[in-house]
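# Descriptive structure summary
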Amino acid sequence: MENSETSPPSRPLAVPDRAMLRPSAPLGQMSESPRASKHREHSSKSPRKRRDGKRSQRRGGDREQLLWEIERRRLPGQHEHLEPCSSASDAAESSPKRAHFLHGPYPATHFGPKACILPNPTSVMHIQDPASQRLTWNKPPVNVLVIRKIRDESLAEPFKELCRFLVEEKQMMVYVERRVADDATLSKDEAFGSIRNQLCTFREGYDDISDCIDLIICLGGDGTLLYASSLFQGSVPPVMAFHLGSLGFLTPFKFESYKTEVAKVFEGNAAITLRSRLKVKVVKDMLQRTGEQPYSGGPQQQPEHNGLLPHGHTNTDAGKVTLQLQVLNEVVVDRGPSSYLSNVDLYLDGRLITSVQGDGLIVSTPTGSTAYAAAAGASMIHPNVPAIMVTPICPHSLSFRPIVVPAGVELMITLSPDARNTAWVSFDGRKRQEIQHGDCIKITTSCYPVPSICCHDLVYDWFESLAQCLHWNVRKRQARLADTSDSSDTEN
């Protein structure tokens, strides 16, 4: 939980288009949504922190009024019907719509119980200098989660070596999955028995470890990082990934120097990449319960509500939220086992954008732009870019190109009314399920990124992965001409 003495006051200003200004940050930053702000306030157990938060709100009153006046003068004629909100709850009550900012939510800067980004008072606007993204520890880390690639016997020795180092030399509490601790290879090793008995085990879906892990260390490929993300549906501890798998695009560290690298991370001040995630909701029977049919015409056949969904269609209470997830790579909607085209409608902030006719649709983060989206022809985006990618899968159209939309928008995917078959959806390749008529998938950027620790820095690591893993722009170099004086392309 963030300390109320250092965190900004949770008193956002209401501005047009559901935007929320963060009073303690320069114009352009966004505060957390009112719901998240209220949840954090009610989850606080310290009366002192709550009192300090109220004083901080009173101190920020003058600044809020000044920011309000600046914003009103900057956008004349658009604020007459609005008043500054006195609290986050007032903002939530004054507007039933989801609060967001065009460039995406302001990411949480605390990762797990003890890690956070090193404060940087010189950052300008809402785009942080990548060089300033440094990890620091409020308290020394104690609990380390080690994730190992399953069904790979070659990782048994690196796993035992790392656990022995963490337990005996660093005096850490090491958490592992129960199925990893019960592996036959580890059970037969009597020399590792004393270390194995000190390991703390958990089971996915049964034990909640989100509030007790300080650092995550992954041994394997990119799948281990995706799995680590799925274990933490809120704040994610810093992740250190060692390349012991197949591709290793997201795993920059080499295991040969693990002792030195892990010691550096424990000391703090390591470079990190904030990999944004998608907050996804699956709502069942949403459109049938409203009693209205969604608009299915093209851009040339605009309905009376100008392409916007009727109000009832944007009310999630009309349906049942059956699944809510944080997704690191992508959400994939495809035609499943059917031989028919997939026919789904794509909405952006309640407005119909297009109907997708093809094999499906990929909605990905910048991190996921180098995965399935890259194979489908999308551009590769650096993980620090605040954006959401929309990529069609084999569209039956020559002009349907992949697009990039601002991170703060809300996308909604539904089956088209005239679709001949259902669709299927998966989240980072997991939890695959069927989507029928009346169901919808809502997607926006989460405020809980995955803080991935860099080996060098977040720019060098990314381009190094492009070159080493994907062989980006690899070509035999053109030979130099011995004599360039006689060239047919130049005039005498």
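Predicted, not measured: the structure shown is a model, and the values here were computed from it. Sequence order as written defines the numbering, with residues in each chain counted from 1. With the structure being a predicted model, the display of local features is reserved for residues of pLDDT at least 70 and the display and counting of side-chain atom pairs for 80 or more, all residues being used for whole-chain, interface and lining totals. Values shown for side chains rest on all heavy atoms present in the structure; no hydrogens or waters enter the calculation.

## Here we look at the confidence of the model for the chain
Reading predicted coordinates in detail is not appropriate for stretches of low pLDDT. In this model, the chain carries a mean pLDDT of 77, and residues with pLDDT of at least 70 account for 68%. Within a predicted model, pLDDT stands for the predictor's per-residue confidence, ranging from 0 to 100. Runs of E in the DSSP output that reach at least two residues are strands. Runs of H or I that reach at least four are helices, and both are numbered from the N terminus. Looking across the chain, the model is least confident in strand 2 (residues 19-21), with a mean pLDDT of 31, and most confident in strand 17 (residues 360-364), with 97. Only heavy atoms matter for contacts: two residues are in contact if any of them lie within 4.5 Å across the pair. Counting contacts from residues 1-61, a segment whose pLDDT is below 50, to residues more than four positions away or on other chains yields 118 contacts. Long-range and interchain partners of residues 63-102, a stretch whose pLDDT sits below 50, account for 75 contacts in this model, where long-range means more than four residues apart.

## Comments concerning the nonpolar core
Counting residues in each nonpolar core, the largest one holds 37 residues, and the members touching the most others are Val146, Leu166, Ile217, Phe242 and Ile453. If one sorts the elements of this core by residue count, helix 5 (residues 156-169) sits on top with 6 residues. Those residues in contact with Ile217 that sit more than four places away from it in its chain are Val144, Leu145, Val146, Ile147, Leu162, Leu166, Met240, Phe242 and Val262. Within the second largest apolar cluster, 28 residues are counted, among which are Leu346, Val405, Ile435 and Ile443. Throughout, nonpolar core names a set of buried Ala, Val, Leu, Ile, Met, Phe, Trp, Tyr and Cys residues whose side chains join them through atoms within 4.5 Å. Exposure categories follow from relative accessible area, calculated using a 1.4 Å probe and restricted to protein chains: below 20% of the type maximum is buried, above 50% is exposed, and the middle band is partly exposed.

## As for the sheet that holds strand 23 (residues 440-445)
Read across the sheet, 6 strands follow the order 13-12-23-20-15-16 without closing on themselves; strand pairing throughout is antiparallel. Taken across any chain shown, the strands that pair with only one partner, and hence form the sheet edges, are strand 13 (320-327) and strand 16 (351-358). Neighbour to neighbour, the strand axes of the sheet diverge by 20 degrees on average, direction disregarded. Should DSSP find at least two bridges between two strands, the strands are taken to pair. Bridge analysis of strand 12 (residues 278-284) against strand 13 gives 7 bridges, and the strand direction is antiparallel. Across the sheet, residue Val282 finds its bridge partner in strand 13, namely Leu323. Working convention: axes come from line fits to C-alpha atoms, limited for helices to the stretch in contact. Angles between N-to-C directions cover 0 to 180 degrees.

## Digging into the packing of helix 5 against helix 10 (residues 258-267)
The interhelical angle for the contact between helix 5 and helix 10, taken along N-to-C directions, is 45 degrees, at an axis separation of 11 Å. Considered as vectors, helix 5 and helix 10 are oriented oblique to each other. In this structure, the crossing between helix 5 and helix 10 has a hand that is right-handed. Contacts between helix 5 and helix 10 involve Glu161, Leu162, Phe165, Leu166 and Glu169 from the first element and Tyr258, Lys259, Val262 and Phe266 from the second. Should an angle fall under 35 degrees it is called roughly parallel, over 145 degrees roughly antiparallel, and 65 to 115 degrees roughly perpendicular, with every other angle called oblique. Handedness of each helix crossing follows the sense of rotation of the near helix against the far helix: counterclockwise by less than a right angle gives left-handed, clockwise gives right-handed.

## Here we look at empty space enclosed by the protein
A pocket, in this scheme, is an open set of points on a 1 Å grid over the protein atoms alone with protein on both sides within 12 Å along at least 5 of 7 lines, while a cavity is a set where a 1.4 Å probe fits but cannot get out; residues line either one if an atom lies within 4 Å of a point. Grid points are joined across faces, edges and corners, and a volume is the space filled by probe spheres set on the points. Within this structure, the stated rule accounts for 2 cavities of 30 Å³ or more. For the largest cavity, the calculated volume is near 130 Å³. The wall of the largest cavity is formed by 14 residues, among which Phe249, Pro252, Arg275, Asp461 and Trp462 lie closest to the centre. Listed by contribution, the elements that provide at least two residues to the lining of the largest cavity are strand 11 (270-275), strand 24 (450-453) and helix 13 (458-469). Top contributing element to the lining of the largest cavity by residue count: helix 13, with 4 residues. Three classes are used, and their members are as follows: Ala, Val, Leu, Ile, Met, Phe, Trp, Tyr, Cys and Pro are nonpolar, Asp, Glu, Lys and Arg are charged, and the others, Gly among them, are polar. Taken together, the residues of the lining of the largest cavity break down into 8 nonpolar, 4 polar and 2 charged.

## Details of the pairing of strand 23
By the criterion of burial, strand 23 is predominantly enclosed, with 6 of the 6 residues buried. The alternating pattern of strand 23 places Cys440, Lys442 and Thr444 on one face and Ile441, Ile443 and Thr445 on the opposite face, and all of these are buried. Pairing of strand 20 (residues 411-415) with strand 23, which is carried by 4 bridges, proceeds in the antiparallel orientation. Within the sheet, the bridge partner assigned to Ile413 lies in strand 23 and is Ile441.

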